[in-house]
Amino acid sequence: MASLNPPNTAASGTLICDSLWTGASLVTMQDGYYNLIENGVLAVKDGLIIWLGTVADSPEFDTQIRHDFGGGIVTPGLIDCHTHLVFGGDRSAEFEQRLNGVSYAEIAAQGGGILSTVNATRRASHQQLFEQARFRLTPLLAEGVTCVEIKSGYGLSDDSELKMLRVIRELAQNLPVRIKATCLAAHALPPEFKGRADDYIAHICEVLLPQVAAEHLADAVDAFCEHLAFSPEQVERVFQAAVRLGLPIKLHAEQLSSLHGSQLAARYGALSADHLEYATEEDAQVMAASGTVAVLLPGAFYLLRETQRPPVELFRKHGVPMAVASDANPGTSPALSLRLMLNMACTLFRMTPEEALAGVTCHAARALGLQHTHGTLEAGKVADFVHWPLTRPAELVYWLGGQLPCTVIYQGNIRGDVRS
Ligand code: DI6
Ligand code: FE
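Here goes a summary of the coordinates provided. Owing to the predicted nature of the structure, the values given are computational and were not obtained by experimental measurement.

### Describing the pairing of strand β13 (residues 272-275)
Bridge count for strand β12 (residues 250-253) against β13 is four bridges, and the pairing is parallel. In the sheet register, L251 faces β13, and the bridge partner there is A273. What joins β12 to β13 is helix α8 (residues 261-267), and the crossover it makes is right-handed. Sheet topology note: the β13/strand β14 (residues 293-296) ladder contains three bridges and is parallel. Directly across from D274, in β14, lies its bridge partner V295. Considered for its hand, the β-α-β crossover made up of β13, helix α9 (residues 281-290) and β14 is right-handed.

Structure (structure tokens):
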């Protein structure tokens, strides 16, 4: 006979769970707002949140583990939805050159920039790339990141792009963090295809992407739509191939100039368009209509000493969800702190602390297609959450680095020292 009780409820009305978390305020981030539950209760079963609310509303719980936080706040696990964490070498020498007055475009034209990282990445072994990326992930994890996206795009040959994507998959298997892999083969023109950008695009569409899809090595496809990278027409061919293969799309758009790549991406139902310093009101309207997330990257803006801010007011006006990410990469954003990006999103881009926090939780989840399982504290979602020794959520954004979380709960369990 079918039970009259929901599956986790004993006959007495007691809720059966694996662990119960009490004694802190819950910053749920539901619908993009703090939606604070003071002195909250959070019940976890099978790695999912099965109940949350106030002490007053709590049912009886039958649980093995009771954890009293003794104060502080709890947020969803932080999500860094745009990174390039797998790469060989570093570009501190170029950083120095730029400070001596050489522009990013000039460095790229001299064969530096992205291509110098491509050379270093091609030379590096799978194991070297894995170890270096793990080393860079450590500080992100230490500050409460439970989900991260990592792009390829420094290989630019079949072997090297596949090597990068396999490294990303291996990181996902070995580290206590949810990792989404994105194929960014259309990041720059490889030297082998100099003067033949259309041929490289055709190669990506006809050879590389089908192989990536066949081996399930990527969760999305990205491209760099810019004068010094690929045109909207070329990007559209990549999108068509991605659609044929059933892969979601993302796009680096309007970072240095306005080519309306963000509109193109939105018309293809992209998960996100990223950077967007030069986005227009029409771009924002088309993105809003398709639910494409605007991923804002203050690290690259800061490092390039950009002066054109992304049109946050227009995204707000038209209801475009805004995410914030590190863009961690060796050239334009050697950023290994998402907390710092939160502060920079407010000081440089004029986002509010609540918007910035939504940008690394619920809207970041949406930018990865994970909005139904991640990004907020809600019953039914994965139990990724972070306990902070802070009194107000805005404190997370206000401090420039500093205080680390007390406890990170990943898939329902306390995450130990990520360095071991
Ligand atoms: N935009 C960026 O800021 C990075 N890639 C991109 O498409 C820069 C990557 C690099 O310079 O290595
Ligand atoms: Fe990027």
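There's more to say after this.
### Notes on the coordination of the iron ion (ligand 2)
Donor atoms from the polypeptide that coordinate the iron ion (ligand 2) comprise H82 (NE2), H84 (NE2), H252 (NE2) and D327 (OD), at 2.1 to 2.3 Å from the metal. Between the four donor atoms coordinating the iron ion (ligand 2), the angles at the centre fall across 81 to 166 degrees, so the site counts as irregular. Every donor residue of the iron ion (ligand 2) comes from the same chain, spaced as H-x1-H-x167-H-x74-D. Taken together, the residues H84 in the loop between β8 (78-80) and α1 (92-99) and D327 in the loop between β15 (322-324) and α12 (338-347) connect sequence positions 243 residues apart. Looking at H84, the relative accessible area reads 2%, which means it is buried.

Analysis parameters
- Residues numbered from 1 in each chain as written.
- Chains lettered and ligands numbered in written order.
- Predicted model: local features only at pLDDT ≥ 70, side-chain atom pairs only at ≥ 80, totals over all residues.
- Heavy atoms only, no water.
- Pairing = 2+ DSSP bridges.
- Helix = DSSP H or I, 4+ residues; strand = E, 2+ residues; numbered from the N terminus.
- Right-handed = clockwise from strand over helix to strand, strands pointing away.
- Donors = N, O, S within 2.8 Å, 3.2 Å for Na, K, Ca; no water.
- Tetrahedral: all angles 85-135°; square planar, octahedral: opposite > 155°, others 65-115°.
- Buried < 20%, exposed > 50% of the residue type's maximum accessible area, 1.4 Å probe, protein only.

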